[in-house]
Amino acid sequence: MQASDIVSLHNVHHAFLPNKPILQELDLKIQKGDSLTILGPGGSGKSTLLKVILGIIKPQSGTVQVLGKTINNLKDHEKSELFKKMGMAFQQGALFDFMTVKENILFAMENMTQFSKFEQEDKVKQFLSQVLLAHAADKIPSELSGGMRRRVGFIRALITNPELALLDEPTAGLDPVTTTIVIDMIHNIGRSIGTTMVSVTSNIDVAFRFADNVAILKDGRIVGKGTKEELLSLNDPWITNFLTIRKHNFDIS
Ligand SMILES: Nc1ncnc2c1ncn2[C@@H]1O[C@H](COP(=O)(O)OP(=O)(O)OP(=O)(O)O)[C@@H](O)[C@H]1O
Ligand SMILES: [Mg+2]
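(A) View of the sheet that holds strand β5 (residues 69-70). Spatially, four strands are ordered β2-β1-β4-β5 in an open sheet, and the strand pairing comes out antiparallel. Single-partner strands in this sheet number two, and they are β2 (20-31) and β5. Bridge count for strand β4 (residues 61-66) against β5 is two bridges, and the pairing is antiparallel. Its bridge partner being in β5, V66 is matched across the sheet by K69.

(B) Structural detail: the site of ligand 1. Looking at ligand 1, there are 13 residues lining it, with G43, K46, S47, T48 and Q91 nearest. Measuring from an oxygen atom of ligand 1, one finds a side-chain N or O atom of K46 at 2.7 Å. S47 places a polar side-chain atom, nitrogen or oxygen, 2.9 Å from an oxygen atom of ligand 1. The leading source of residues in the shell around ligand 1 is helix α1 (residues 46-54), at three residues. By residue class, the composition of the shell around ligand 1 is three nonpolar, eight polar and two charged.

(C) Structural view of the pattern of salt bridges. Applying the stated rule across the entire model yields six salt bridges. K102 is paired through a salt bridge with E121; the nearest N and O atoms lie 3.6 Å apart. With K102 in helix α3 (residues 101-108) and E121 in helix α4 (residues 117-130), this residue pair connects regions lying 19 residues apart in the sequence. K102 sits in the partly exposed class, given a relative accessible area of 23%.

(D) Local environment of the confidence of the model for the chain. Of all residues in the chain, 95% attain a pLDDT of 70 or more, and the chain-wide mean is 88. Confidence drops under a pLDDT of 50 for residues 247-253, and excluding neighbours within four residues, the segment shows ten contacts in the predicted structure.

Parameters and conventions
- Residue numbers restart at each chain and count upward from 1, following the sequence in its written direction.
- Here chains are named by letter from A upward and ligands by number from 1 upward, in the order in which they appear as written.
- Side-chain atom pairs in this predicted model are given and counted only at pLDDT of 80 or more, local residue features only at pLDDT of at least 70, and totals for whole chains, interfaces and linings cover all residues.
- Hydrogens and waters are ignored; side-chain quantities use all the structure's heavy atoms.
- Two strands pair if DSSP finds at least two bridges between them.
- Numbering of helices and strands runs from the N terminus, with a helix taken as a DSSP run of H or I at least four residues long and a strand as a DSSP run of E at least two residues long.
- Being near a molecule or strand, for a residue, means having at least one of its heavy atoms within 4 Å of it.
- For this analysis, a polar contact is any N or O atom pair within 3.5 Å, provided that within protein one partner can donate a hydrogen and the other can accept it, and provided that sequence-adjacent residues contribute only side-chain to side-chain pairs.
- In this classification, Asp, Glu, Lys and Arg are treated as charged, Ala, Val, Leu, Ile, Met, Phe, Trp, Tyr, Cys and Pro as nonpolar, and every other residue, Gly included, as polar.
- The rule for a salt bridge is simple: a side-chain nitrogen of Lys or Arg has to be within 4 Å of a carboxyl oxygen of Asp or Glu.
- Here the term buried applies to any residue with accessible area under 20% of the maximum for its type, exposed to any over 50%, and partly exposed to those in between, with areas from a 1.4 Å probe on protein chains only.
- On a range of 0 to 100, pLDDT expresses the predictor's confidence in each residue.
- Two residues form a contact once any of their heavy atoms are found within 4.5 Å.

Okay, here's the thing in C-alpha cells:
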C-alpha cells in the first residue's frame, strides 16, 4: 500500500455459499482524491465489494486496507473510529422511516461534536439546499419521491466530510434528466468537501458520467480499470462487448 492509496485490496475472496465465490482474487487500489466508479452487471458483487471496503463484510481471505489501516484484524473500537471517516449511501436508501429528513441527517452527525446543535442544523440546511431539498427538511421519507430519498441519502453520507464516500447505485430508478442532475449535485458536494468518492453501478452511461476512471467487475474480479478509451484499448472481447453493446444478455444471479 502506497501512502497515497486510500483503499488497497489484495487477493480478496468472499463467498456466501460454498463453491459460489462472489469476489475472488480481487485486487483494487484507489488513490486519495480519486473519483472511481465500479461498473459490473447485476449480481456481480458490487454491493458486496462496497461492504467489504466499509468493513461490514469480512472477506474469507485477502487483505483489505482502508485509510491506512488493515481492517481484517481491527478491534471493534478501531473499526468504529475508521467508520467515522467514511460515508456510505446504501442502495436501498436506508433512511429511518420514523424520522424526518432533518433528523435522519442529524443522526449521522452525532459524532460531529465540534459543532453546536445550532451549527449542525445550519449545516443540514445548507446541504439540503445544495440538492434543492430545503423545503423537505421536516418531511418523513414516505412523503418523498425515490429521487428525493436518494438525495437525502447522499447528504447523510457526505455531510460528515468523510475522507472516503461510498455510493451504491447512486441513480438507480431515476429518469435520465434527474440522473444527470443528481450526479452533478454529488460532484459539486464531493468537490467542495474534497472527498475520495467510489460509486458502483450497472449503468454504463452513469459510470462514465460519474468518474473518468472506471473499474470493471466481472466474475468477482476487477478485469480492467481506466477511461473508456483505455478500457476499449485492452481489446478484451467481453469488456468491449459490455461497453459498446446496449442490449446485454448476462447471467443475473
Ligand atoms: N448476505 C448475503 N447472503 C447470501 N448471498 C448474498 C448476500 N449478499 C449478496 N449475496 C449474493 O451475492 C451476489 C452478489 O450480490 P451483490 O448484491 O453484491 O451484487 P450487485 O452487483 O450489487 O447486484 P445489483 O446490481 O443487483 O445491485 C448475489 O448472487 C447475491 O444473491
Ligand atoms: Mg448492488
